[in-house]
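# Notes for the structure review
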Amino acid sequence: MAAYEEETTRPRMLNLLIGVTLMTIVIALWYLLDYYYLRESTRDVTWYPPAQGCVLLEGGCHANLGIDSSLAFALQETRDGEDTLTFEVRVHGRAPQSVTVQFIGRDMNVQSRRLSLQSQGGGLFVGQGTLGLCSAHVDAWRAQVVVLSDHGLKGSWFDFDSQELGGPSAGRGDKRCL
């Protein structure tokens, strides 16, 4: 019975590649941990994409804000003769301190004022108003929702077309302040 006691050493290049691979994995894990759990910035917003297939004007949309929290955003037009819009944000999994919404023209460099929503308790924030730009020539809009919580600023964006607001009279000929 022959016993093999021959030692074959790994090539130096293989040892180097193993070391680089392990370092890359550690850096990637640190980045993910920082992005989802440790980032508590009150200066920079951590952006999360909205759920796929969402149509904002058909009942609202939602987005995950990291692994253990989410927000739902709904935009509805009230029938009060002034074409007032109602904004509703529900935050799950965080203790939100404030919620703001800003509307930005997607096709043009057009921004409106930020609207601060009022807390209704239980993670629900509601606000009303018209979009403040008087730019009926802009149809494509993006609503940016930002939540300030104990874990910093986290937000998502939701796209919609103003032509879909208010039926056939809305859109480019509409004189509301969008």
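Residue positions are counted from 1 within each chain, in the order its sequence is given. Owing to the predicted nature of the model, reporting of local features is limited to residues with pLDDT of at least 70; listing and counting of side-chain atom pairs is limited to 80 or more, with chain, interface and lining totals taken over all residues. Side-chain metrics rest on all non-hydrogen atoms present in the structure, leaving aside hydrogens and water.

### What about the pairing of strand S4 (residues 85-92)?
Counted only if it meets this: Think of it this way: DSSP has to see at least two bridges between two strands before they count as a pair. Only DSSP runs of H or I reaching four residues or more are called helices, and only runs of E reaching two or more are called strands; each is numbered from the N terminus.
Pairing of strand S3 (residues 70-77) with S4 involves 8 bridges; the strand directions are antiparallel. Within the sheet, the bridge partner assigned to Leu71 lies in S4 and is Val91. Across 6 bridges, S4 lies against strand S7 (residues 124-129) in antiparallel orientation. Note on S7: the bridge partner recorded for Val89 is Phe125.

### What about the confidence of the model for the chain?
Here is the rule: What pLDDT conveys is the predictor's confidence in a given residue, as a value from 0 to 100. Throughout, a residue-residue contact means that at least one pair of heavy atoms, one from each residue, lies within 4.5 Å.
Residues at a pLDDT of 70 or more form 74% of the chain, whose mean pLDDT is 78. Confidence, expressed as mean pLDDT per element, reaches its minimum in the chain at strand S6 (residues 111-121) with 82 and its maximum at strand S2 (residues 61-64) with 91. Segment residues 167-178: pLDDT under 50, and 30 contacts once partners within four positions in sequence are set aside and those in other chains are kept.

### Observations regarding the pattern of salt bridges
For clarity, the cut-off: Salt bridges, as used here, are contacts in which a Lys or Arg side-chain nitrogen is within 4 Å of a carboxyl oxygen on Asp or Glu.
Going through the model one piece at a time under the given rule, you end up with 1 salt bridge. With a shortest N-O distance of 2.7 Å, Arg142 and Asp159 are connected by a salt bridge. Linking Arg142 in strand S8 (residues 140-149) with Asp159 in strand S9 (residues 152-161), this pair joins segments that are 17 residues apart in sequence.

### A short note on the pairing of strand S5 (residues 96-105)
Keep this limit in mind: The cut-offs for exposure are 20% and 50% of the maximum accessible area for each residue type, with area from a 1.4 Å probe on protein chains only; residues under the lower value are buried, those over the upper are exposed, and the others partly exposed.
When you tally the buried positions in S5, you get 8 out of 10 residues, the bulk of the element. In the sheet, S5 pairs with S8 via 9 bridges, with the strands oriented antiparallel. By the bridge assignment, Val101 is partnered in S8 with Val145.

### Quick look at the nonpolar core
Where we set the bar: Put simply, a nonpolar core is a bunch of buried Ala, Val, Leu, Ile, Met, Phe, Trp, Tyr and Cys residues held in one set by side-chain atoms that sit within 4.5 Å of each other.
Residues Leu71, Phe73, Val89 and Phe103 are the most contacted members of the largest nonpolar core, which totals 24 residues. Mapped onto this core, the elements with two or more residues apiece are S2, S3, S4, S5, S6, S8 and S9. Beyond its immediate stretch of four places on either side in the chain, Val89 contacts Leu71, Ala72, Phe73, Val99, Leu117, Gly123, Leu124, Phe125 and Val145.

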